[in-house]
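Secondary and tertiary structure notes
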Amino acid sequence: MKYLPTGMYQQGNSVVHRLNSTVKVLLLIILLASVIVADTLSGYGVLVAFAAVVVLLSHIGLKSALGGIDRMIWFFVVIFIMNLCFFQSENAWVKFWIFSPSYNGMMQGIKVVVRVAVLMVFCNILNMTTPPVEITRAMENVMSPLRIIKVPTYQLALILSVAIQFIPTLFEEADMIKKAQTARGARFDSRKIRDKAGAVIPMVVPIFVSAFRRADELSLAMEARGCRVDVRQSKNCRLHIGLAEIMALLICTALLVLQIII
């Protein structure tokens, strides 16, 4: 393989790689809260700058951290246009039928696009700096208080971890199907929306079939290796709190407080 699919773990020895996996999941939760709370352009600027610093510290490369965003460009365009035309009808630049583009709608569209993009970058950093097994254990540790109300934390953590690890696999599968459809004459590069829709629709069924096939193969492989979802398979990963973990928690908490204040 010439490259790793987006979101796959990359072995390394960076500061981010060495952080405890449970702490990294907690940091991701804090950062997601910071992104949700942010509501000003200055706040989003701080988030983007912070994400850039984390990418540099993780040594995974900007292209890897931004992986998947380029494939969602049309999703971002649709989100921006919907906010631009429907967010606020007061003080609209022009009103036509149900469309009322305005300055506030444009700013809201920019905020939503930046918010989703930053969320994807943070999630990519976690996936690419933490082994899948450690992510499962970390999620189980974070959700451990739910055992009080009889929530099956191990099964839930396993489901979430497998779902996350399937995302880059599905991206790679979609890319292969797209190339196959292009070889058969599909016109993905056409400027006509009708041609693009006609090229995308035949991809839907193969992607779903591939996803179900891979899920069935994974379940058979796990069963063959003795995995039982009714029995907790792993012990809690010890929460080693060092100076790096404390500093990371303090910095991310300070970022969240800053987003609430500004």
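Summarised in this report is the structure supplied together with it.

What counts and what doesn't
Residues numbered from 1 in each chain as written. Predicted model: local features only at pLDDT ≥ 70, side-chain atom pairs only at ≥ 80, totals over all residues. Heavy atoms only, no water. Helix = DSSP H or I, 4+ residues; strand = E, 2+ residues; numbered from the N terminus. Buried < 20%, exposed > 50% of the residue type's maximum accessible area, 1.4 Å probe, protein only. Contact = heavy atoms within 4.5 Å. Areas by Shrake-Rupley, 256 points an atom, 1.4 Å probe, with all protein chains shown as cover. Core = buried A, V, L, I, M, F, W, Y, C linked by side-chain atoms within 4.5 Å. Expected span 1.5 Å × (residues − 1). Arc of directions from axis to C-beta. Salt bridge = Lys/Arg side-chain N within 4 Å of Asp/Glu carboxyl O.

**Remarks on the overall build of the protein**
- Looking only at helices and strands, the protein has 10 helices and 0 strands in total.
- Element order for the protein, N to C, with α for helix and β for strand: α-α-α-α-α-α-α-α-α-α.
- Counting every position in the protein, which comprises 262 residues, the buried fraction comes to 36%.
- For the protein, the proportion of contacts with a sequence separation of at least 24, taken over those separated by at least 6, is 71%.
- Summed over all atoms, the accessible surface of the protein reaches about 16200 Å², with 69% contributed by carbon and sulfur.

**Focus on the nonpolar core**
- Membership of the largest hydrophobic core comes to 34 residues, with the highest contact counts inside it found for Phe-50, Val-121, Phe-122 and Ile-125.
- Where this core is concerned, the elements lending two or more residues are α2 (21-37), α3 (41-58), α5 (73-86), α6 (103-129) and α10 (243-261).
- Each residue touching Phe-122, except ones within four places of it in the same chain, is listed here: Leu-28, Leu-31, Val-35, Leu-47, Phe-50 and Ala-51.

**Some thoughts on unusual backbone geometry**
- For His-59, which is not glycine, the phi dihedral falls at a positive 60°.
- With respect to the helices and strands, His-59 occurs in the loop between α3 and α4 (62-65).
- According to the relative accessible area criterion, His-59 is exposed, its value standing at 64%.

**Overview of α10**
- Helix length check: α10, at 19 residues, gives a terminal C-alpha distance of 27 Å against a target of 27 Å (1.5 Å per residue), a fit within 8%.
- Restricting attention to buried positions, one finds in α10 the residues Glu-245, Ala-248, Cys-252, Leu-255, Leu-256 and Gln-259. Mapping the buried residues of α10 onto a view down its axis gives an arc of 95°, with all of them on the same face. Pointing more than 90 degrees away from the buried face of α10 are the exposed residues Leu-243, Leu-250, Ile-260 and Ile-261.
- Residues of α10 that are buried make contact with α1 (15-18), α2 and α3.

**Some details on the pattern of salt bridges**
- Counted according to the given criterion, the structure contains 2 salt bridges.
- A salt bridge links Asp-39 to Lys-111; its shortest N-O distance comes to 4.0 Å. With Asp-39 in the loop between α2 and α3 and Lys-111 in helix α6, this pair connects stretches of sequence that are 72 residues apart.
- When its relative accessible area of 48% is taken as the criterion, Asp-39 is described as partly exposed.
- For Lys-111, a relative accessible area of 16% translates into the label buried.
- For Glu-134, the salt bridge identified is with Arg-137, shortest N-O distance 3.7 Å. Here Glu-134 pairs with Arg-137, and both are found in helix α7 (residues 132-142), just 3 residues apart, close to one helical turn.

Interpretation in functional terms is not warranted from these geometric data alone.
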